[in-house]
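# Notes for the structure review
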Amino acid sequence: MTDLVQNLAASGREAAVFERIEAFRRRRPRLLDEVVTLAHGAGGKASAALLDAVFMPAFSNELLRMSTDAAVLTLPSGERLAFSTDSFVVKPLRFPGGSAGHLAVHGTINDLAMMGGRPLALSAAFVLEEGFPIDSLREIVADMADAAAAAGIDIVTGDTKVVEHGAADGMYISTSGVAAIPAGRQLSAAKVAEGDAVISSGTIGDHGTAVMLARGDLALEADIVSDTAPLHELMECLLAAAPSTRWLRDATRGGVGTVCNELVRDCNLTVVLDEAALPVRPPVAAACELLGIDLLYVANEGKFVAVVPAGEAADALGALRDHPLGRGAVQIGEIRAEPPGLVVLVTAFGGTRIVDMLVGDPLPRIC
Ligand code: MG
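Basis of the calculations
Residues numbered from 1 in each chain as written. Predicted model: local features only at pLDDT ≥ 70, side-chain atom pairs only at ≥ 80, totals over all residues. Heavy atoms only, no water. Helix = DSSP H or I, 4+ residues; strand = E, 2+ residues; numbered from the N terminus. Buried < 20%, exposed > 50% of the residue type's maximum accessible area, 1.4 Å probe, protein only. Contact = heavy atoms within 4.5 Å. Donors = N, O, S within 2.8 Å, 3.2 Å for Na, K, Ca; no water. Core = buried A, V, L, I, M, F, W, Y, C linked by side-chain atoms within 4.5 Å. Domains from an automatic or database assignment. Expected span 1.5 Å × (residues − 1). Polar contact = N/O pair within 3.5 Å; in protein donor to acceptor, adjacent residues only side chain to side chain. Pairing = 2+ DSSP bridges. Axes fitted to C-alpha atoms, helices over the stretch in contact; angles between N-to-C directions. Patch = residues over 30% accessible without salt bridge, like charges linked within 9 Å, V, L, I, M, F, W, Y side chains within 5 Å. Areas by Shrake-Rupley, 256 points an atom, 1.4 Å probe, with all protein chains shown as cover. Salt bridge = Lys/Arg side-chain N within 4 Å of Asp/Glu carboxyl O.

Within the chain, the regular secondary structure consists of 11 helices and 14 strands. Projected onto its principal axes, the C-alpha positions of the chain cover 65 × 50 × 45 Å. Across the 367 residues that make up the chain, the buried fraction comes to 49%. Relative to all contacts within the chain whose residues are 6 or more apart in sequence, the contacts with residues 24 or more apart total 82%.

So, in structure tokens, the structure goes:
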């Protein structure tokens, strides 16, 4: 499967070159910009550099350094809470399959769920631009209320600010949430081991492609709908069927390629992805190909990547497929030990290539 890796290992000289390239590639990216660019919000290399250069040194603490979807707080009673926050600047505010309101609720629920949390409550904060129609605000808020009710969670606190006309683009939403993590539940990159199966809970690339086409400046029409959905129930189904599940992450901004890179950064193993196994709807694949965008970096808002022990993979897939949000679940790869810290894609033609962290921002303001 990993010809590339074996070939390189076979030749000492090439291996040495490879190691030097890898050492260079694995250096944490440095912040060289003097002003913020759109790439700093893309979740890839530039975001990591901004985080390392500005936020980490200022806020530095052990929980933040874990870089998980949600921080895990331990209460004096010993019970654990997952705590997460997210902002939503999607453009346009409404797209096939959902709106900024749906994303704002689902995004935070999903970050909580990826730590094994059962969501308890959400907050919502709005930054509104002077002149924004009240009717449009009402619609987005109704979407949030619907999404929260469908997920069985309340929005219990919030805030509203207004800035002058021209100082913002309509509206921005921030949500935070807390969730209870049942005793004994521990999802962590540190538990990932060689031989584990890498699973996608369904088709990839739907959300990013839907939003991109909704902008209408590509003169491209296709029947593509965002997958925005709350994943906490699907997570419960997975953990019931595959209790030794190691690690979960929703493949939002930056896509499956980026979350796999985050995983190998944290566990120092290899993710080998099988291109032929990647689940993708034909119109999404066609749109990505036409636009020259790598499907592996396109955002999802209702899909997660799960790592489960090989022995639980069949049960995990069965449970996921039994749930409406996991119908398209499939194994997309496996964990290898060598070479550590890499994501390798075995292409449909049998070649191999390295899947790096996302560079730049092919699809800004996708969530
Ligand atoms: Mg996430």
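Moving on, we get to the coordination of the magnesium ion. Only Asp69 (OD), Asp111 (OD) and Asp250 (OD) from the protein coordinate the magnesium ion, and they sit 2.2 to 2.5 Å from it. Site description for the magnesium ion: donor spacing in sequence, D-x41-D-x138-D. Taken as a pair, Asp69 in the loop between α4 (62-65) and β1 (71-74) and Asp250 in strand β9 (residues 247-250) lie far apart in primary sequence, 181 residues in all. Asp250 matches Asp69 in its accessibility class, with the two residues each being buried.

Time to look at the nonpolar core. One finds Ile173, Leu263 and Val271 to be the most contacted residues of the largest nonpolar core, which totals 64 residues. Counting the residues that make up this core, at least three belong to each of domain 1 (2-28 + 187-354) and domain 2 (75-181). Excluding residues within four positions of it along the chain, Leu263 makes contact with Ala189, Val192, Trp247, Asn268, Val271, Val307 and Ile335.

If you check helix α5 (residues 100-113), its first and last C-alpha atoms are 20 Å apart, about what 14 residues at 1.5 Å a residue would give, namely 20 Å. With respect to burial, α5 is a largely interior element, 14 of its 14 residues being buried. Taking the backbone nitrogen of Gly101 as reference, a side-chain oxygen 3.0 Å away marks Ser99 as the first, capping residue of α5.

What follows concerns the pairing of strand β12 (residues 330-336). Bridge count between strand β8 (residues 197-200) and β12: 4 bridges; the pairing is antiparallel. Within β12, the residue paired with Ala197 across the bridge is Glu334. Bridge count between strand β10 (residues 270-274) and β12: 4 bridges; the pairing is antiparallel. Residue pairing in the sheet places Thr270 in a bridge with Arg336 of β12.

Ordered in space as β1-β2-β7-β5-β6, the 5 strands form an open sheet in which the pairing is mixed. At either end of the open sheet lies a strand with only one pairing partner, and these are β1 and β6 (154-163). Going from strand to strand, the sheet's axes swing by 20 degrees on average, the running direction of each strand aside. Sheet topology places strand β5 (residues 118-129) next to β6; 9 bridges connect them, and they run parallel. Within β6, the position partnered with Ala125 by the bridge is Asp159. Where helix α6 (residues 134-151) meets the sheet, its contacts fall on β5, β6 and β7 (171-181), and the angle it forms with β7 comes to roughly 15 degrees.

In this structure, Asn268 sits in the loop between α9 (255-267) and β10. Counting along the chain gives 75 residues from Asn268 to Ala193, while the straight-line C-alpha distance between them is 10.0 Å. With residues near it in sequence (within four places) discarded, Asn268 still touches Leu263, Pro340 and Gly341.

Before going further, it helps to spend a moment on a nonpolar patch on the surface. Taken together, the side chains of Leu51, Val54, Phe55, Phe59 and Leu64 present a nonpolar region at the surface, about 420 Å² in accessible area. No other element matches the 4 residues that helix α3 (residues 45-59) contributes to the nonpolar patch. Along the chain, Phe59 falls in helix α3. The class for Phe59 is exposed, based on a relative accessible area of 53%.

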